Amino acid sequence: IFLKKKKKKKNTLLTYRAGTRILTITFSVIISTLLALGGVRALSPLLEVQFDALALTQWFILQAADIVVTVAIISGGSNGVHRMISTIVDQFPTKAGSTDAQTSPTT
């Protein structure tokens, strides 16, 4: 009987935590999206782009990417950005035996 009560309490706690996590993620994404749409951007200050020289499609893609990156940084921190980049990188094939990660010269 004690084990059943303990398991029920554990399940209740896990359900509460899952619901709370969903609420906090939703809230942070909404707030960070509003901030990004309001003008707080992550990429624009780093890029020296003359927006007048861009075609409409290029401008839209740059703005959309900037908003997505900004939302990921604000709502998820560096972990959110890492997940997004890892998902994108995982879609590309890798070279077998690649030495790109080698940092010291061989002797």
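Structure shown above.
Residues numbered from 1 in each chain as written. Predicted model: local features only at pLDDT ≥ 70, side-chain atom pairs only at ≥ 80, totals over all residues. Heavy atoms only, no water.

1. Things to note about the overall build of the protein chain
The following threshold applies: Only DSSP runs of H or I with at least four residues qualify as helices, and only runs of E with at least two residues qualify as strands; both kinds are numbered from the N terminus onward. Any two residues whose heavy atoms approach within 4.5 Å are treated as being in contact. Note on areas: Shrake-Rupley, 1.4 Å probe, and residue coverage restricted to the protein chains presented here.
Each helix and strand in the protein chain was counted, giving two helices and zero strands. Put simply, of all contacts in the protein chain between residues at least 6 apart along the chain, 56% involve residues at least 24 apart. In the structure as shown, the protein chain presents an accessible area of about 9,400 Å², 66% of it carried by carbon and sulfur atoms.

2. So, helix 1 (residues 2-38)
For an α-helix, 3.6 residues make a turn, and residues three or four places apart therefore share a direction. Put simply, the rule is: By definition here, a helix of n residues has an expected span of 1.5 Å times n minus one. Each residue's exposure class comes from its accessible area (1.4 Å probe, protein chains only) as a fraction of the maximum for that residue type: buried when under 20%, exposed when over 50%, partly exposed otherwise.
Spanning 37 residues, helix 1 covers 54 Å between terminal C-alpha atoms, matching the ideal 54 Å at 1.5 Å per step. For helix 1, the tally of buried residues reaches only two of 37 residues, placing the bulk of the element at the surface. Positive backbone phi, approximately 125 degrees, marks G39, located one or two places after helix 1.

3. Observations concerning a nonpolar patch on the surface
Applicable threshold: Patch definition: residues above 30% relative accessible area lacking any salt bridge, with like charges linked at up to 9 Å and the nonpolar side chains Val, Leu, Ile, Met, Phe, Trp and Tyr linked at up to 5 Å. Only one rule defines a salt bridge in this text: a Lys or Arg side-chain nitrogen within 4 Å of an Asp or Glu carboxyl oxygen.
Taken together, the side chains of F27, I30, I31, L34, L35, V40, I73 and I74 define a hydrophobic patch exposed on the protein surface, amounting to about 710 Å² of accessible area. Put simply, the parts of the chain that give the nonpolar patch at least two residues each are helix 1 and helix 2 (56-89). At five residues, helix 1 tops the list of elements feeding residues into the nonpolar patch.

4. Details of the side chain of T70
What counts, and what does not: Any pair of nitrogen or oxygen atoms within 3.5 Å is treated as a polar contact; in protein, a donor-acceptor pairing is required on top of that, and neighbouring residues in sequence qualify only through side-chain atoms on both sides.
Tracing the backbone through its elements, the reader meets T70 in helix 2. In this structure the side chain of T70 is engaged in a polar contact, spanning 2.7 Å, whose partner is the backbone oxygen of D66. For T70, the residues in contact, after removing those within four places along its chain, are A36, V40, R41 and A42.

5. Some thoughts on the side chain of D66
Structurally, D66 is set in helix 2. Of the polar contacts made by the side chain of D66, one reaches the backbone nitrogen of A42; its length is 3.3 Å. Residue contacts for D66: discarding those within four places in its chain leaves R41, A42, L43 and S44.

6. Considering the environment of V49
Locating V49 in the fold gives a position in the loop between helix 1 and helix 2. Assessed through its relative accessible area of 29%, V49 is described here as partly exposed. When the C-alpha positions of V49 and L62 are compared, they lie 9.9 Å apart, and in sequence the two are 13 residues distant. Beyond its immediate sequence surroundings of up to four residues, V49 is in contact with L54 and L62.

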